[in-house]
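Close look at the chain arrangement
Here are the chains, one letter per residue:
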Amino acid sequence: MGPSVAKPNDFIPLFIDCISAASSRTQEYLLFKDPEDKLHPSFELFTHVFLMTYISQSVSLNLTDTFNCTAMTPGQRILLGADWVWALMEKPSRNPRLQIAVQVLHLQEKEDTEENTALPDICSETMQMAQQESSNKNMYEKLVDFCTSIGKDCYALFLFFGKKNDKGNIYGVLSNNFEVAIGKCNKIDRGFIENFFKGSRYLHTPSGMMQALVTKKEQDPITLMIKFS
Amino acid sequence: MAATQDMKGKGEGGDQNFDYMFKLLIIGNSSVGKTSFLFRYADDAFTSAFVSTVGIDFKVKTVYKNDKRIKLQIWDTAGQERYRTITTAYYRGAMGFILMYDITNEESFGAVQDWSTQIKTYSWDNAQVVLAGNKCDMEEERVVSVDSGRLLAEQLGFEFFETSAKDNINVKQTFERLVDLICDKMSESLDTDPAVTTGAPTAKLTDSAPPLQQPGCNC
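Nothing here was measured: the structure is a model prediction, and the numbers come from that model.

Reading the values: the criteria
- In every chain, residue numbers begin from 1 and rise along the written sequence.
- Lettering of chains starts at A and numbering of ligands starts at 1, both following the order in which they are written.
- Note on the predicted model: pLDDT of at least 70 is required for a residue's local features to be given, and 80 or more for side-chain atom pairs to be given and counted; whole-chain, interface and lining totals, by contrast, use all residues.
- Here the side-chain values reflect all heavy atoms present in the structure, with hydrogen atoms and water set aside.
- For every residue, the accessible area obtained with a 1.4 Å probe (protein chains only) is divided by the maximum for its type, and the residue is called buried under 20%, exposed over 50%, and partly exposed between those limits.
- Each helix is a run of H or I in the DSSP string that is no shorter than four residues. Each strand is a run of E no shorter than two, and both are numbered from the N terminus.
- Any two strands are treated as partners once DSSP identifies two or more bridges connecting them.
- A pairing counts as a salt bridge when a side-chain nitrogen of Lys or Arg comes within 4 Å of a carboxyl oxygen of Asp or Glu.
- The axes are straight lines fitted to the C-alpha atoms, using for helices just the contacting stretch, and the angles between their N-to-C directions are given from 0 to 180°.
- Each angle receives one of four descriptions, namely roughly parallel if under 35 degrees, roughly antiparallel if over 145, roughly perpendicular if within 65 to 115, and oblique otherwise.
- Crossing handedness is read from the near helix: turned anticlockwise from the far helix by less than a right angle, it gives a left-handed crossing, and turned clockwise, a right-handed one.
- Contacts are residue-level and defined by heavy atoms, with any inter-residue pair within 4.5 Å sufficient.
- Three classes are used, and their members are as follows: Ala, Val, Leu, Ile, Met, Phe, Trp, Tyr, Cys and Pro are nonpolar, Asp, Glu, Lys and Arg are charged, and the others, Gly among them, are polar.
- pLDDT gives the predictor's per-residue confidence on a scale running from 0 to 100.

**Observations regarding the pairing of strand 1 (residues 67-71) of chain A**
All names here are of chain A. Along strand 1, four of the five residues are buried, which leaves the element largely enclosed by surrounding structure. As paired elements, strand 1 and strand 2 (residues 84-89) share five bridges and run antiparallel to each other. Across the sheet, Phe-67 pairs through a bridge with Leu-88, a residue of strand 2.

**A short note on the pattern of salt bridges**
Oppositely charged side chains can form a pair if their charged atoms are brought close together. Applying the stated rule across the entire model yields 18 salt bridges over all chains. Between Asp-44 of chain B and Arg-40 of chain B there is a salt bridge, with the nearest N and O atoms lying 2.9 Å from each other. Judged by its relative accessible area of 52%, Asp-44 of chain B is exposed. Assessed through its relative accessible area of 13%, Arg-40 of chain B is described here as buried. The shortest N-O distance in the salt bridge between Arg-84 of chain B and Glu-81 of chain B comes to 3.2 Å. According to the relative accessible area criterion, Glu-81 of chain B is exposed, its value standing at 56%. The network of salt bridges with common partners includes Glu-44, Arg-77 and Asp-83 of chain A.

**Re the packing of helix 1 (residues 11-30) of chain A against helix 2 (residues 43-60) of chain A**
All names here are of chain A. Their axes nearest at 8 Å, the elements helix 1 and helix 2 cross at an angle of 150 degrees. Compared by their axis directions, helix 1 and helix 2 come out roughly antiparallel. In this structure, the crossing between helix 1 and helix 2 has a hand that is right-handed. Across from Phe-15, Asp-17, Cys-18, Ile-19, Ala-21, Ala-22, Ser-23, Arg-25, Thr-26, Tyr-29 and Leu-30 in helix 1, the residues of helix 2 making contact are Phe-46, Val-49, Phe-50, Thr-53, Tyr-54, Gln-57 and Ser-58. The residue inventory of the contact of helix 1 with helix 2, partitioned by class, reads 11 nonpolar, five polar and two charged.

**Things to note about the confidence of the model for chain B**
Residues and elements named next belong to chain B. Mean pLDDT for chain B: 86, with 80% of residues reaching 70 or above. Considering only residues more than four positions removed or in separate chains, one finds that residues 6-13, a stretch of pLDDT under 50, has 24 contacts. Contacts of residues 196-216 to residues separated by more than four positions or lying in other chains number 46 contacts, the stretch itself having pLDDT below 50. Scored as a complex, the prediction yields pTM 0.87 and ipTM 0.87.

**Some points on the sheet that holds strand 1 of chain A**
Neighbouring strands of a sheet are bound in pairs by backbone hydrogen bonds; such pairs are parallel or else antiparallel. Residues and elements named next belong to chain A. Strands sit in the order 1-2-3-4-5-7-6 across an open sheet of seven strands; the sheet is mixed. Strand pairing shows two members of the sheet lacking a second neighbour, strand 1 and strand 6 (203-204), which therefore form its edges. Relative to strand 3 (residues 96-106), strand 2 runs antiparallel, the two sharing six bridges. Following the sheet pairing, Leu-88 is matched in strand 3 by Leu-98. Contacts from helix 1 reach strand 1, strand 2, strand 4 (154-163) and strand 5 (166-175), with the element oriented near 140 degrees to strand 5.

Encoded structure:
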């Protein structure tokens, strides 16, 4: 536990407030069905709704100095595989004590039809260049590589905005140990991540997730499934 | 010295029409102003809000030199130690570095030698380096003198500027000098190593580039 954080877990209820607001707002949009079937919101919209709501709430609760949220640029999203990164900050060094790098996964059937939709022109050169410069690994593997390169205090969180049989809820798989799968020659893909939900595994609350992270021993591996909404 | 050369033609949505591409990195301790420096140069913007860079990011800017279009791919690296594995992976293939310290932060100046060693360890021998003492607008809080900066640069064999991203002092000049140094080095290499004209050894982006026009850089 960082010595400079006076009450290290004080941020958790505030974080939960932010998560609740973001999840509820995002759910409204995930469940929205246009009676005329004319509106087909993009994946990015859901991610932005979640992030905008989370950030607004965390700013209004004055949480950002303790637990900050950094949205990635389009280039960083390709290079690092993360949509945003949460960090619990140590004061006064402002170095992260732990980080959670988040990648949002959308419903598979939508992905099939909408994957690779064109990004805005303004970004396309940057995106192309980022693609050229990044490894041949898929986005899941890039996120795992990014977290592994930092260490056991950096967790990869794959955040599912809806699942096949539950389109309106938000789930997550978090681990600082996904790289073990690579060591065992398993490819990290969507199926691999979805497999964590199979069986009767316990689903943590966001609060339980955060408690587990701040109380665990530094180098210990941890893998959790979470229901965010 | 290798560079992406003569990659002409229109890419999908992006302008890939250029004569050379230089890969540049900005490195230095956390909070010295690397991201602000890049924003000032690429977007002519500045914000005093500090947001620590996560891992690595980049921007692209095209400059013109002797009628040649030079595309600068400028990598903004996180200064925090925890990202060192990621950032050093991008040193390979870089033609130039801006090694930055903060004139109001002694520790960042003390770390310059270590950053210089990192460049030697992870990049090409031919990479060019400019040392930049940033935040020179904050004269009242200065703890590193101009002479100390200049002397260290001389000892390390680097060019030197004091800069301010906030007041837009020497930002453009730093990049322009680095580009000049890279062009000079390219011309030098062309004189002594004809292999360079075929793009070998090469940066990653050179792979698809056709041979360079003869006889040399002229940029």
